[in-house]
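Descriptive analysis of the structure
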Amino acid sequence: MELRSVIKIAIRYLAVLVAVVAFIFWQIGPPLHWLPSVPKGQEELGNLLTLVLAFLSALALFEVSRAFDKSEEERTLQRTSNALKRIEDALHKKVDLVKSPSAPTEYIDLWSGFTEKYWVYNPSYRGIEKKPGMDRNKLVNEVFVPRYRDPKFTGAFYLFLTKDHEGQQDLDEFRTLMKEVNKRCPQISKKLEIRELKDEAAAENPEV
């Protein structure tokens, strides 16, 4: 972990510590005479200050959790960048990292235009209709049918990991999807191969 990330986390931990100590001190201070008692008639003000300290403590805890999330995201991006660099070195070609699609047109553009052979390891197809505005009918007509009708596309090879329930769901959803494609594009039967690995769990492996 970079020194900068360590410093950020340390500062946020310190903020949590200060807020918690201040909250505890405010609660036990007056009874132990560490702090002057709240004057009569100002109890509401004391309670308000207690709530403020509690809110600040919760906010500080939230910021710490965000720091860890961001740190994990940074590590994931670094691992992805390293993987892309190795791919570029192996292929002697430039590889672009693209963002996740946020609209149907972006989704179609991202998953269209493949030629020759296509390999997929541990594909995830659970809830495909939850993609950005992409229902199954649109996915079939605008992504898969054009792909398998294209004479330049020679074959797709899918390996599903079905040791767990998630992997079984992926395979079931994909089968349903491909049956719809087959109705509109019979060429798929000559270009698609699906295999199942029953001793590996989908949730424990990346999609490649």
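Residues numbered from 1 in each chain as written. Predicted model: local features only at pLDDT ≥ 70, side-chain atom pairs only at ≥ 80, totals over all residues. Heavy atoms only, no water.

What follows deals with the overall build of the chain. In terms of regular secondary structure, the chain is built from 6 helices and 3 strands. Along the chain, helices and strands appear, N-terminal first, in the series α-α-α-β-α-β-α-α-β. When the 208 residues of the chain are sorted by exposure, 26% land in the buried category. Relative to all contacts within the chain whose residues are 6 or more apart in sequence, the contacts with residues 24 or more apart total 76%. (Helix = DSSP H or I, 4+ residues; strand = E, 2+ residues; numbered from the N terminus. Buried < 20%, exposed > 50% of the residue type's maximum accessible area, 1.4 Å probe, protein only. Contact = heavy atoms within 4.5 Å.)

A few words now on helix H4 (residues 136–149). Look at H4: 18 Å from first C-alpha to last across 14 residues, which is about the 20 Å you get at 1.5 Å a residue. All of the buried residues in H4 are Leu 139, Val 140, Val 143, Phe 144, Val 145, Arg 147 and Tyr 148. Of the surrounding secondary structure, the elements contacted by the buried residues of H4 are helix H3 (104–110), strand E1 (116–121), strand E2 (153–161), helix H5 (165–184), helix H6 (188–191) and strand E3 (192–197). (Expected span 1.5 Å × (residues − 1).)

Each pocket or cavity is described by its volume, and for the largest pocket that value is around 1,400 Å³. In terms of lining residues, the largest pocket is bounded by 35 residues, among which Trp 111, Phe 114, Tyr 118, Glu 207 and Val 208 are the most central. Residue assignment for the lining of the largest pocket shows that the elements contributing at least two residues are helix H2 (43–91), H3, E1 and H4. The element contributing the most residues to the lining of the largest pocket is H2, with 6 residues. Its residues assigned to classes, the lining of the largest pocket comprises 25 nonpolar, 4 polar and 6 charged. (1 Å grid on protein atoms, 1.4 Å probe; cavity = no way out; pocket = protein on both sides within 12 Å on 5 of 7 lines; lining within 4 Å. Points joined across faces, edges and corners; volume = space filled by probe spheres on them. Nonpolar A, V, L, I, M, F, W, Y, C, P; charged D, E, K, R; others polar.)

Okay, unusual backbone geometry next. In this structure, Glu 116 is a non-glycine residue whose phi angle is positive, near 60°. Relative to the elements of secondary structure, Glu 116 occurs in strand E1. Phi is positive for Asn 122, which is not a glycine, with a value near 60°. By the element assignment, Asn 122 lies in the loop between E1 and H4.

Relative orientation and spacing of two packed helices are given, respectively, by the angle between their axes and the distance between those axes. Close contact between H4 and H5 brings their axes to 9 Å; oriented N to C, the two are set at 65°. Taken together, the axis directions place H4 and H5 in an arrangement best described as roughly perpendicular. Here H4 runs over H5; the crossing is right-handed. Along its contact with H4, which presents Arg 136, Asn 137, Leu 139, Val 140, Asn 141, Phe 144, Val 145, Tyr 148 and Arg 149, the element H5 presents Glu 173, Thr 176, Leu 177, Met 178, Glu 180, Val 181 and Arg 184. (Axes fitted to C-alpha atoms, helices over the stretch in contact; angles between N-to-C directions. Parallel < 35°, antiparallel > 145°, perpendicular 65-115°, else oblique. Left-handed = near helix turned anticlockwise from the far one by under 90°.)

Another point: the side chain of Thr 162. With respect to the helices and strands, Thr 162 occurs in the loop between E2 and H5. Once residues within four sequence positions are removed from consideration, Thr 162 is found in contact with Gly 167, Gln 168, Leu 171, Glu 196, Leu 197, Lys 198 and Glu 200.

So, about a nonpolar patch on the surface. Judged by side-chain polarity, Val 52, Phe 55, Leu 56 and Leu 59 come together as a nonpolar surface patch covering roughly 350 Å² of accessible area. Among the secondary structure elements, Phe 55 is positioned in helix H2. (Patch = residues over 30% accessible without salt bridge, like charges linked within 9 Å, V, L, I, M, F, W, Y side chains within 5 Å. Areas by Shrake-Rupley, 256 points an atom, 1.4 Å probe, with all protein chains shown as cover. Salt bridge = Lys/Arg side-chain N within 4 Å of Asp/Glu carboxyl O.)

A separate point is the environment of Thr 162. On the basis of relative accessible area, Thr 162 is assigned to the buried category, the value being 5%. Taking the C-alpha atoms as reference points, Thr 162 and Glu 200, 38 residues apart in sequence, are found 6.4 Å from one another. A distance of 2.8 Å separates polar atoms of two side chains, one belonging to Thr 162 and the other to Glu 196. (Polar contact = N/O pair within 3.5 Å; in protein donor to acceptor, adjacent residues only side chain to side chain.)

What follows deals with the packing of aromatic side chains. The geometry of two aromatic rings is summed up by the distance between their centres and the angle between their planes. Applying the stated criterion across every chain yields a total of 9 aromatic pairs. Taken together, the ring pairs connect Trp 111, Phe 114, Tyr 118, Tyr 148, Phe 153, Tyr 158, Phe 160 and Phe 174 into an aromatic cluster. Its guanidinium or amino end placed over the ring of Tyr 118, Arg 147 lies 4.7 Å from that ring's centre, counting from NZ or CZ. (Phe/Tyr/Trp six-rings, centres within 6.5 Å; stacked < 30°, edge-to-face > 60°. Lys NZ or Arg CZ within 6 Å of the ring centre and 35° of its normal.)

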